[in-house]
Amino acid sequence: MRRLPFRTFRDRSILRLNGLLFGLLSCLLFGGMSQAMAQSPSPSDTSECRLQEPVSLPDSLSLYTSNTPRIGSSDAPVRILEFFDPNCPHCRTLHNRALPQLREMIPADSTALYMRPYPLSRKSAPQIFALYHAHEKGRFSQLLDVMFSFGSPSSMTPKTLRYYARAAGLPADTLFRAVASGRYGDRLRRSMSVAKALGVDGTPTLFIEGRPIPRSSYRPKCLSTLIRKHLQTSSL
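Source: prediction; values computed, not measured.

Undergrad: Explain the state of the cysteines residue by residue, including any values.
TA: Evaluation of the coordinates by the stated rule reveals 1 disulfide. Cys49 shares a disulfide with Cys222; S-S distance 1.8 Å. Its S-S torsion of about -80° marks the bond between Cys49 and Cys222 as left-handed, since a negative value means left-handed. Remark: Cys222 occurs in helix α9 (residues 220-234) and Cys49 occurs in the loop between α2 (15-28) and β1 (70-71); sequence separation between them is 173 residues. Grouping residues by exposure puts Cys49 and Cys222 together as buried.

Undergrad: Describe the side chain of Asp85, naming the residues involved and giving the relevant values.
TA: Inspection of the secondary structure puts Asp85 in the loop between β2 (78-84) and α3 (89-103). Here Asp85 occupies a buried position and makes no salt bridge, while the nearest side chain of opposite charge, Arg92, is found at 7.7 Å. At 2.7 Å, the side chain of Asp85 forms a polar contact with the backbone nitrogen of Asn87. Sequence-distant contacts of Asp85, that is, excluding residues within four places in its chain, are made with Cys91, Tyr118, Pro119, Leu120, Ser121, Ser124, Phe148 and Thr203.

Undergrad: Describe the layout of surface pockets, listing the residues and the values that go with them.
TA: Estimates place the volume of the largest pocket at around 310 Å³. If you trace the largest pocket, you find 20 residues lining it, with Ile71, Arg103, Ile106, Thr111 and Leu113 closest to the centre. Listed by contribution, the elements that provide at least two residues to the lining of the largest pocket are β2, α3 and β3 (111-117). Examining the composition of the lining of the largest pocket, we find that 4 residues originate from one element, α3, more than from any other. Looking at the lining of the largest pocket residue by residue, the class counts come to 13 nonpolar, 4 polar and 3 charged. In this structure, the second largest pocket encloses a volume near 210 Å³. What lines the second largest pocket is a set of 15 residues, and nearest its centre among them are Gln52, Thr205, Pro212, Ile213 and Arg215. Those elements that place two or more of their residues in the lining of the second largest pocket are β4 (205-208) and β5 (211-213). A per-class count over the lining of the second largest pocket returns 8 nonpolar, 4 polar and 3 charged.

Undergrad: If you had to explain unusual backbone geometry to someone new, which residues and values would you point to?
TA: Here the bond from Thr203 into Pro204 is cis, since omega is -5°, no more than 30 degrees from zero. With respect to the helices, strands and loops of the structure, Pro204 is situated in the loop between α8 (185-198) and β4. The residue Asp109 is not glycine, and still its phi comes out positive at about 65°. As for its placement among the helices and strands, Asp109 is situated in the loop between α3 and β3.

Undergrad: Which residues make up the environment of Met115, and what values do they have?
TA: Looking at the element boundaries, Met115 is found in strand β3. Accessibility expressed as a relative area gives 0% for Met115, which makes it buried. Residues Met115 and Glu82, 33 residues apart in the sequence, show an inter-C-alpha distance of 5.1 Å. Contact partners of Met115, with chain neighbours within four places excluded, come to Thr68, Pro69, Glu82, Phe84, His95, Phe140 and Leu144.

The rules behind each value
- Residues numbered from 1 in each chain as written.
- Predicted model: local features only at pLDDT ≥ 70, side-chain atom pairs only at ≥ 80, totals over all residues.
- Heavy atoms only, no water.
- Disulfide = S-S within 2.5 Å.
- Helix = DSSP H or I, 4+ residues; strand = E, 2+ residues; numbered from the N terminus.
- Buried < 20%, exposed > 50% of the residue type's maximum accessible area, 1.4 Å probe, protein only.
- Lys, Arg positive; Asp, Glu negative; His and termini not counted.
- Salt bridge = Lys/Arg side-chain N within 4 Å of Asp/Glu carboxyl O.
- Polar contact = N/O pair within 3.5 Å; in protein donor to acceptor, adjacent residues only side chain to side chain.
- Contact = heavy atoms within 4.5 Å.
- 1 Å grid on protein atoms, 1.4 Å probe; cavity = no way out; pocket = protein on both sides within 12 Å on 5 of 7 lines; lining within 4 Å.
- Points joined across faces, edges and corners; volume = space filled by probe spheres on them.
- Nonpolar A, V, L, I, M, F, W, Y, C, P; charged D, E, K, R; others polar.

Treat this as a map of the structure, not an account of what it does.
Listed below in structure tokens is the structure:
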């Protein structure tokens, strides 16, 4: 199939992306999305760091699958699951500040971070589709870093996608076609089904081995304590 130059997509106007894609996905995907939830006040010491009871999932759903974007080795002894929105400011803070600090507190290669999108508004869909495409190309973490560094755009334009692609090392026209095609809609709906089954109501929402982490325990020190406790328990 002939590759179309990027400017061809630009000339077709944002209406195709904002009209067709947003209009269709608003009906299919976004019925009653919650707004981002502010993080609760942090506990004063690690004695208050805790995990909640595990949440059961229907047999048809799974927390960790081979096509779930992952940062870290699949052989890591502790699996952390995050539901995120690329436009969520609390998710940005978690990734830009808390997680780098956490990595300095825990043994190397002890955790794998699995990422499931939970869009808080329909404008996040194109970015999530771009992340799915980047995952297929082995550039998920690079594009996620770019998005969290770039901030929340007012709308997803070809210019924004071109910047994302260049910064993450992806071909711009290929990325645009993947986003505009809407072919990742089913994958996003499955992720949202998992979120609904787990009672996710905002972002970020974290789990350690299927057990929810209260937002009051999202500090690096707390997360480190919970991870070390799990490592000690699993080694017995």
